[in-house]
Amino acid sequence: MSEKIVEFISDVMTAISNCSLYTREHPAVMHLSEMAVAVLDSLFFEDKFSVALFGDSLVINEQRLPARNMHVSSFIKKLRRKGIDKVVISRGVTAAELKDFIAEIALSDRITGTYAHISSGIIEVKLGGGGGGDIGAVMNENIEKVKEVYQGVSRFKRLDMVGLEDVVVSFITTLKQEANVLKVVSPIKAHSEYTYAHNNNVAVLSIFQAETLGVKHDLLHDIGMAGLLHDIGKMFVPATVLEKEAKLNDDEWVEMKKHPVYGAMYLATLPDIPKYALVAAYEHHMKFNGLGYPATRRKGRTQHIISQIISISDFFDALRTDRPYRKALDVPVIVGLLNDSAGKDFNPLLVENFIRALKKVSIFSS
Ligand SMILES: [Fe+2]
Ligand SMILES: [Fe+2]
């Protein structure tokens, strides 16, 4: 039974990938939908086939699915990112109907279509912004979630990916309601909160940049995850250095500068981490001109474009916050500094895009 379920999920996931890669009308999408419907025939229980998300597992017809392969993991991730917590398929479903549902999962942000034999439960995502919600409260909740995940980090434990994925979904939804990213990023009040709130802000600013570049769907989520995890290596830096409320001395700086390596090494041990998160954790203090740290022996090494996006968000958020060794700067001043560093520290095209996008959604003079 379990094998048949995995076969069904594999057909559906392959159809979703084909839809994203080609079009919903690609013959492979219809063919895979037909295969999935044929497999489904033996899986109905009282004429229903129900799939529910429970933490990071699937519950099929009320029973936890013990089997797991790459397709099952991707399917779980896909459902979560679309805000779906349950899908029920009834006997009588046709391949054409399943194909339309698959296309919606592949190509739309949220499921809005109605289907005669397929129903889906949608998780309510808390919104800030337009709906009258309080962005500050939503962001504070997200900071608490990230803090919990970060504080639970150890070399011997899995990371709570479910919690982080939910935070990214909340950021993407909030940015749809409130275009002014400067209202979405959280002010950082307490020194002890800095690391957690900063990771959230870097995720929000990076999603904002990526969206203005036309990035959508899974890649947008992966960039959000890369933002949330970019400084995860700081959890392996001694607390005496990380939490020091004064300027770091030379030795302490040497220790602090190891966090990109610690982060990448830690993320490399975990399953289900978007590969860009690992790359960005390692590269976010490298510079566009090849300088920065960690120093590599590879000549002419360039940062991945996602690390370049994260670097800009990192710089922007760090400067708009009071630090033990300097006061927070105003947005126009930071924009001026970004412009000065374009082509040296940062990719100039990304800087130009970021500043143009910021000016579009907020009023500031520079
Ligand atoms: Fe960092
Ligand atoms: Fe950072």
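Everything below is about the structure printed above this text.
This report concerns the structure included in the present document.

Spatial ordering of the open sheet is given by 3-2-1-4-5, a layout of five strands whose pairing is antiparallel. Each edge of the sheet is formed by a strand with only one pairing partner; in this case those strands are strand 3 (63–64) and strand 5 (118–122). Sheet topology note: the strand 1 (residues 48–54)/strand 2 (residues 57–60) ladder contains four bridges and is antiparallel. Residue pairing for strand 2: Ala52 is matched across the bridge by Val59. Helix 4 (residues 95–107) contacts strand 4 (84–90) and strand 5 of the sheet and is inclined by roughly 25° relative to strand 5.

Those donors, His198 (NE2), His230 (NE2), Asp231 (OD) and Asp314 (OD), are the protein atoms that reach the iron ion (ligand 2), and they lie 2.2 to 2.3 Å from it. For the iron ion (ligand 2), the four donor atoms in the first shell make angles of 75 to 173° at the metal, a pattern classed as irregular. Donor residues for the iron ion (ligand 2), ordered by position in the chain, follow H-x31-H-D-x82-D. A separation of 3.5 Å is found between the iron ion (ligand 2) and the iron ion (ligand 1), which share Asp231 as a coordinating residue.

Taken as a whole and assessed by the stated rule, the structure comprises seven aromatic pairs. Aromatic pair Tyr150 and Tyr196: ring centres 6.2 Å apart, planes at 85°, arrangement edge-to-face. In this pair, Tyr150 sits in helix 5 (residues 135–151) while Tyr196 sits in helix 8 (residues 194–212), placing the two residues 46 residues apart along the sequence. Of the two residues, Tyr150 and Tyr196, neither departs from the other in class, the shared state being buried. What links up through ring pairs into an aromatic cluster is the set Phe208, Phe316 and Phe354.

How each quantity is defined
Within every chain, residues take consecutive numbers counted from 1 along the sequence as written. Chain letters start at A and ligand numbers start at 1, both assigned in the order the entries are written. The model is predicted, so local features are restricted to residues of pLDDT at least 70 and side-chain atom pairs to those at 80 or more, both for listing and for counting; the totals for chains, interfaces and linings are taken over all residues. Side-chain numbers here rest on the full set of heavy atoms in the structure, without hydrogens or water. The pairing criterion for strands is at least two bridges between them, as found by DSSP. To qualify as a helix, a DSSP run of H or I must reach at least 4 residues; to qualify as a strand, a run of E must reach at least 2; elements of each kind are numbered from the N terminus. The contact rule is simple, with two residues in contact once any of their heavy atoms fall within 4.5 Å. Here the axes come from fitting lines to C-alpha atoms, over the contacting stretch only for helices, and the angles between their N-to-C directions go from 0 to 180 degrees. Metal donors: N, O and S atoms at distances within 2.8 Å, or within 3.2 Å for Na, K and Ca, with water omitted from the atom set so that some sites may seem incomplete. Angle rules define the geometry names used: all angles between 85 and 135 degrees makes four donors tetrahedral, while opposite donors over 155 degrees apart and all other angles between 65 and 115 make four donors square planar and six octahedral, leaving every other case irregular. The pairing test for Phe, Tyr and Trp rings, Trp by its six-membered ring, is centres within 6.5 Å, and the orientation test on the planes gives stacked under 30 degrees, edge-to-face over 60, and tilted for anything in between. Each residue's exposure class comes from its accessible area (1.4 Å probe, protein chains only) as a fraction of the maximum for that residue type: buried when under 20%, exposed when over 50%, partly exposed otherwise.

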